[in-house]
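Remarks on the overall topology
If you want the building blocks of each chain, they are given just below.
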Amino acid sequence: MAEIIDGKAIAAAVRQDAAAEVRALVEKGIQPGLAVVIVGDDPASRIYVNNKKKACQEIGVYSEEYALPATTTQEELLQLIENLNKKKDINGILVQSPLPQGLDEKAVVENIDPQKDVDAFHAVNVGKIMIGDFQFLPCTPAGVIELLDRSGVSIEGKRCVVVGRSNIVGKPMAMLLLHRNGTVTICHSRTQNLAEVCREADILVAAVGRPKFITKDMVKPGAAVIDVGMDRDENGKLCGDVDFDAVKEIAGYITPVPGGVGPMTIAMLMKNVVCAAKIQNGLPV
Ligand code: NAP
């Protein structure tokens, strides 16, 4: 029976560490600040934004919300980004995705000052991750590494398989595992013999977006199985990409959904805001 990795508890510990860092910065006269931009009225985005604001409040980060109507033009949005880039009390800028149709998300991200890009989606930050010279890490993959570290799962020399190659999860996840000296394979929808490849993994990360896609026969006994998926099962209930009930019988470690990777994403965002405040004030990170 697998050890269940408690993402809620680990995320709380990460937030506590971030809160201590915020207190130390405030003592030096530095108040970290985050601007959250939401465009339109997507209900899931509203929940994410509220949770981010709540996390800021909890750890002592100043936050500002910019809620814009779905009719906002690209020019208006870019103007707001430019203003936030210049704003001294704002260290991090986060534009909640997805943006309404007609707005160019890529152009918006590329206009954020890389030093304020706390999602680490800007090409400059993506490039830095590629060459291993990074300050910000993308929140979800960084959260996975933190879960492994704090659960005592070593990465070095291990066979790591990442299923999914998106720019926000799969690809950066693979790079972070590689930087930690894992031997990494990335799988996607064209991968042949997927089950066979997954079965080789000591660490298996699922970022597919398909409910219960990773089944017991795809998992090596004793493997650490990390489920990034946030899906709905046939009854509309939140579940992950991994068939949790069956896989937990065979895995060594497993993350549940909810309560695994999900809470880590916001905790790592808080860490990035602290990091941004330090960088912008010439402090070591
Ligand atoms: P995405 O952009 O849709 O990417 C999905 C990836 O899965 C693609 O690379 C795709 O391959 C691959 N895939 C799809 N079907 C496959 C199959 N049959 N076999 C193998 N690979 C397959 O999704 P994403 O943004 O990375 O998100 C993935 C999941 O993570 C979603 O459930 C999302 O909700 C969740 N998520 C959670 C958090 C969190 O905070 N916990 C954050 C972000 C995302 P191709 O490239 O070949 O199409």
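The text that follows walks through the structure, step by step, so that each part is easy to find. (Residues numbered from 1 in each chain as written. Predicted model: local features only at pLDDT ≥ 70, side-chain atom pairs only at ≥ 80, totals over all residues. Heavy atoms only, no water.)

**Brief notes about the site of the ligand**
- Every one of the 22 residues lining the ligand counts as a neighbour, but Arg165, Ser166, Ser189, Asp231 and Thr265 are closest to it.
- In the model, an oxygen atom of the ligand is placed 3.4 Å from a nitrogen or oxygen of the Val228 main chain.
- Within the contact set of the ligand, an oxygen atom lies 2.7 Å away from a side-chain nitrogen or oxygen of Thr265.
- Here the ligand loses 71% of its free accessible area of 930 Å² to cover by the protein chains. (Near = heavy atom within 4 Å. Polar contact = N/O pair within 3.5 Å; in protein donor to acceptor, adjacent residues only side chain to side chain. Areas by Shrake-Rupley, 256 points an atom, 1.4 Å probe, with all protein chains shown as cover.)

**As for the sheet that holds strand S11 (residues 253-254)**
- Strand order in the open sheet made by the six strands is S1-S11-S8-S7-S5-S6, with parallel pairing throughout. Where the open sheet ends on each side, the last strands, each with one partner, are strand S1 (3-4) and strand S6 (183-187).
- Inspection of the sheet shows strand S5 (residues 159-163) paired to strand S7 (residues 203-206) by four bridges, in the parallel sense. Directly across from Val162, in S7, lies its bridge partner Val205.
- This element, helix H7 (residues 170-179), spans S5, S6 and S7 of the sheet and lies at about 170° to S5. (Pairing = 2+ DSSP bridges. Helix = DSSP H or I, 4+ residues; strand = E, 2+ residues; numbered from the N terminus. Contact = heavy atoms within 4.5 Å. Axes fitted to C-alpha atoms, helices over the stretch in contact; angles between N-to-C directions.)

**Let's talk about the pairing of strand S8 (residues 224-227)**
- Alternating residues of S8 divide into Ala224 and Ile226 and Val225 and Asp227, and every residue in both groups is buried.
- Two strands pair when backbone bridges link them, and S7 and S8 are joined in this way by four bridges, in the parallel orientation. Looking at the pairing, Ala206 lines up with Asp227 of S8.
- Looking at chain direction, S8 and S11 are connected through two bridges and run parallel. If you follow Ala224 over to S11, its bridge partner there is Tyr253. (Buried < 20%, exposed > 50% of the residue type's maximum accessible area, 1.4 Å probe, protein only.)

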